[in-house]
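# Reading the structure
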Protein chains: 2
Amino acid sequence: MTAAANHNLTRRLGRAGIRDVAAAAGVSITTVSDALNGKGRLPDATRLHVREVAERLGYRPSAAARTLRTGRSGLIGLTVTTYGDEPFTFTEFAYFAEIVRAATSAALDRGYALVILPGSSQHCVQDVWSNVALDGTVVIDPAEHDPVVTELHRQGVPVVSDGNPGSTPVRAWVDNDHEAAVLKIMEHLTEAGARRIGLLTGTSTDTYTRLSTNAYLAWCESVGQDPVYETYRAHDACASAGAADRLLSRPDRPDAVYGLFDPNGTDLLSAARRYGLRVPDDLLLVCCSESDAYTATDPPVTTLSLRPRQIGTTAVQLLIDAIEGEDTGAPLQQIVPTELIVRASSQRRPARSTVSPPRAPGRG
Amino acid sequence: MTAAANHNLTRRLGRAGIRDVAAAAGVSITTVSDALNGKGRLPDATRLHVREVAERLGYRPSAAARTLRTGRSGLIGLTVTTYGDEPFTFTEFAYFAEIVRAATSAALDRGYALVILPGSSQHCVQDVWSNVALDGTVVIDPAEHDPVVTELHRQGVPVVSDGNPGSTPVRAWVDNDHEAAVLKIMEHLTEAGARRIGLLTGTSTDTYTRLSTNAYLAWCESVGQDPVYETYRAHDACASAGAADRLLSRPDRPDAVYGLFDPNGTDLLSAARRYGLRVPDDLLLVCCSESDAYTATDPPVTTLSLRPRQIGTTAVQLLIDAIEGEDTGAPLQQIVPTELIVRASSQRRPARSTVSPPRAPGRG
DNA sequence: CGATCAAGGAGAAACGTATTTGCATCGAAT
DNA sequence: ATTCGATGCAAATACGTTTCTCCTTGATCG
């Protein structure tokens, strides 16, 4: 009597295991495993027979057991900074949502599933993180010496980051060239006739804010313009409007503005309306956003897209390459180009049909 | 010599396991497990000592082993219908994104992680689904006799659905009352002065479309209005504009329209512009959308929100209750109320300050 | 003084799979 | 006729936990 047959007598409950299949097919566990996974040397007859029996019994291999045995779970993590209770920052919502969407898709395409995990600041981090077996993780915008990344690295879990990881040890990373993006926008506005370009930026010290602001300052220096900018707490949903207002009420009011964050566009638009400034005639406007809301504003606003879909996809590709040990020769650092979507707000003399006529200043 | 100590001699590679901790602490494996999990009856001294040793060794329990042993993975699935390569339908993007966001958050709050999985139509479904051990799954908008749900049910995995599951066997479900929502909108438009209300609806047979359309037809019957509606393939990104155009070019042109899908708002707006119709003066407009783009259109458009955040949260709550066997007494079917966000497009005489003056019809 | 009991902890059996090793059998080659 | 390699499959082991059972040791009580 085989072990499988013996086992078969002892239990009748629960779902069918590999042992049940072996018993039912009259073969050993090994043979079942080999037949189902296409390994070993078995004649086609055996293979087919085993598969047929497995099918009939509705056998599904236990993911947990397989993971334990092979050390591979087929799961990759994605951590998104959480503020308060909600994952994803509100203001960067469309950006994160697109990344998640693209990353999920890219992972599924290669047979992996994606798990969304909380960022370092969560309370019950330890719990949830250590309760799931990950083959690798994508970390969005890791802080310098990020504890999550450090821990993962210690455990030998490959990490790919979105955003320059600094000295944090990651396998690869992907990012935009934020300096180049700012320069592109400055050039665009200049060509559209801007004389003094202002910036709406944040107070936080994350890489994106820092690099972009510095690029702006450097550009100012290079063209001999005095910097004109206002900062605000970018993660405070209400603060944007105030900053926009401050920027446009300055004595040295700019005739063009670039806003680094998503809500800046609408807030600048309504501030401009309050001060009787026509866009784009009196004020050129660009903001960084993934939202399609700016196709329908009055006027439509030129936006800079950071291409979150490509970022998500690329990060996952790099991660899975690392997991599977495929040295694809792809550079370990990939730069995703940004995309400037030019709309009416940054063109001085566009086709006028869709642009509102000048109107008297009123209370917005 | 204990088994743990014995083991300690034999292996020196890889990460620390529970055995290594036991050996280093001079206790048995059982004691380590109990100490770390707060079980068994141990004096605080032992507990502390074990924890300290575990910490020093950087011990992290293997999620796979724990899952295998306990039968619980701490993972819940979320399946989102995928079209082509991308998960989430484009037109319903904001809706799905909000559900995912809220579901993720709700899951994390209760110590679970969320895995996004492909819908039934994917090619490699079998692979990815059976490679991850799930404690339960939220299925969005399951089809009648959905194969994924059926299979999960067979495996004893609890399922909660968003949308009436019909005869598909789920543990609980959550949905909006789509009929009530349509009636609410009809009343709102009527109060705003609408005489003939039109509908922009889809050709597909999913529950949402069907229920909403039928509710509209029933309402027409009850008030004695001839139905005025156009249908289009709602998942075709470009088709909406054509349908909006058709609806407004009819001889029996409605003086108010409700659009069932997200893009309908902007498309109706530009169609109205093309035909020289002022919104809201000549045409009242409401559409179902989660996008905040409609706060910034000209004029802002009244939207119906299906409250995807509450849907996602509730679905996850119900699912985890089912997983943990907590009969909270909560009804197994929960209705999430919809929210009508009234903006200028459906108010005949609003505060006019932000509304554009009438303009001559032009080519949009 | 022997029996009872509680505290503290050790042993060992699962959980369900993948994999390594090894045992037969059989045809062909020496 | 013996050896040999190839073929088809079974047994056993390991993956790292959790948990059930049981053992030991002092202390308490009748």
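An unreviewed UniProt entry lists chain A under the name LacI family transcriptional regulator, with Mangrovactinospora gilvigrisea given as the organism.

## Considerations on the pairing of strand 6 (residues 159–162) of chain A
Residue and element names in this part refer to chain A. Side chains of strand 6 alternate between two faces, with Val-159 and Ser-161 and Val-160 and Asp-162 buried alike. Here strand 5 (residues 136–140) pairs with strand 6 via 4 bridges, running parallel. Note on strand 6: the bridge partner recorded for Val-138 is Val-160. What joins strand 5 to strand 6 is helix 8 (residues 147–154), and the crossover it makes is right-handed. As paired elements, strand 6 and strand 7 (residues 172–176) share 3 bridges and run parallel to each other.

## Thoughts on the protein's contact with DNA strand C
Taken together, 26 residues surround DNA strand C, and among them Ile-18 and Arg-69 of chain A together with Ser-28, Thr-31 and Arg-41 of chain B come closest. Close to the protein, within 4 Å, the atoms of DNA strand C belong to sugar or phosphate groups at a rate of 53%. Residue Ser-33 of chain A places a side-chain N or O atom 2.9 Å away from a phosphate oxygen belonging to DNA strand C. Side-chain polar atom of Arg-69 of chain A to a base nitrogen of DNA strand C: 2.3 Å apart, as the coordinates give it. Among the elements that line the surface near DNA strand C, the one with the most residues is helix 5 (residues 63–70) of chain A, at 4 residues. Per-class residue counts for the surface near DNA strand C are 8 nonpolar, 10 polar and 8 charged.

## Re the side chain of Asp-20 of chain A
Residue and element names in this part refer to chain A. With respect to the secondary-structure elements, Asp-20 resides in helix 2 (residues 18–25). When its relative accessible area of 10% is taken as the criterion, Asp-20 is described as buried. A distance of 2.6 Å separates a polar side-chain atom of Asp-20 from the backbone nitrogen of Gly-17.

## Digging into helix 3 (residues 29–37) of chain B
All names here are of chain B. Burial in helix 3 covers these residues: Thr-31, Val-32 and Ala-35. Buried positions in helix 3, seen along its axis, are confined to an arc of 100 degrees and lie on one side of it. Packed against the buried residues of helix 3 are helix 2 (18–25) and helix 4 (44–57). Where helix 3 ends, the next residue or the one after it, Gly-38, has phi of about 70 degrees, a positive value.

## Brief notes about the pattern of salt bridges
All names here are of chain A. Inspection of every chain in the model, using the stated rule, returns 21 salt bridges over all chains. Between Arg-274 and Asp-245 there is a salt bridge, with the nearest N and O atoms lying 2.9 Å from each other. One end of the pair, Arg-274, is in helix 12 (residues 264–274); the other, Asp-245, is in helix 11 (residues 239–248), and 29 residues separate them in sequence. Relative accessible area serves as the criterion here: at 31%, Arg-274 is assigned to the partly exposed category.

## Quick word on empty space enclosed by the protein
Per the counting criterion, the structure on display carries 5 cavities of 30 Å³ or more. Here the second largest cavity is characterised by a volume of approximately 140 Å³. In terms of lining residues, the second largest cavity is bounded by 16 residues, among which Thr-67 and Leu-75 of chain A together with Thr-67, Leu-75 and Ala-133 of chain B are the most central. Elements with a minimum of two residues in the lining of the second largest cavity: helix 5 of chain A together with helix 5 (63–70) of chain B.

## What to know about the packing of aromatic side chains
Centre-to-centre distance and the angle between the planes together describe a pair of aromatic rings. Residues and elements named next belong to chain A. Within this structure, the stated rule accounts for 8 aromatic pairs over all chains. Their ring planes at 80 degrees and their centres at 5.9 Å tell us that Tyr-208 and Phe-261 sit as a pair that is edge-to-face. Separated by 53 residues along the polypeptide, Tyr-208 in helix 10 (residues 207–223) and Phe-261 in the loop between strand 10 (256–259) and helix 12 bring together distant segments of the chain. With relative accessibility at 3%, the residue Phe-261 sits in the buried group. Here a set of aromatic residues connected by ring pairs shows up, and it is made of Tyr-208, Tyr-232 and Phe-261.

## Considerations on unusual backbone geometry
Note the cis peptide between Val-279 of chain A and Pro-280 of chain A, where omega equals 10 degrees. Summarising the element assignment, Pro-280 of chain A is placed in the loop between helix 12 and strand 11 (284–288). At Arg-307 of chain B, a residue that is not glycine, the phi angle is positive and equals roughly 60 degrees. Tracing the chain through its elements places Arg-307 of chain B in the loop between strand 12 (302–305) and helix 13 (308–323). With relative accessibility at 26%, the residue Arg-307 of chain B sits in the partly exposed group.

Rules behind the numbers
- Residues numbered from 1 in each chain as written.
- Chains lettered and ligands numbered in written order.
- Predicted model: local features only at pLDDT ≥ 70, side-chain atom pairs only at ≥ 80, totals over all residues.
- Heavy atoms only, no water.
- Buried < 20%, exposed > 50% of the residue type's maximum accessible area, 1.4 Å probe, protein only.
- Helix = DSSP H or I, 4+ residues; strand = E, 2+ residues; numbered from the N terminus.
- Pairing = 2+ DSSP bridges.
- Right-handed = clockwise from strand over helix to strand, strands pointing away.
- Near = heavy atom within 4 Å.
- Polar contact = N/O pair within 3.5 Å; in protein donor to acceptor, adjacent residues only side chain to side chain.
- Nonpolar A, V, L, I, M, F, W, Y, C, P; charged D, E, K, R; others polar.
- Arc of directions from axis to C-beta.
- Contact = heavy atoms within 4.5 Å.
- Salt bridge = Lys/Arg side-chain N within 4 Å of Asp/Glu carboxyl O.
- 1 Å grid on protein atoms, 1.4 Å probe; cavity = no way out; pocket = protein on both sides within 12 Å on 5 of 7 lines; lining within 4 Å.
- Points joined across faces, edges and corners; volume = space filled by probe spheres on them.
- Phe/Tyr/Trp six-rings, centres within 6.5 Å; stacked < 30°, edge-to-face > 60°.

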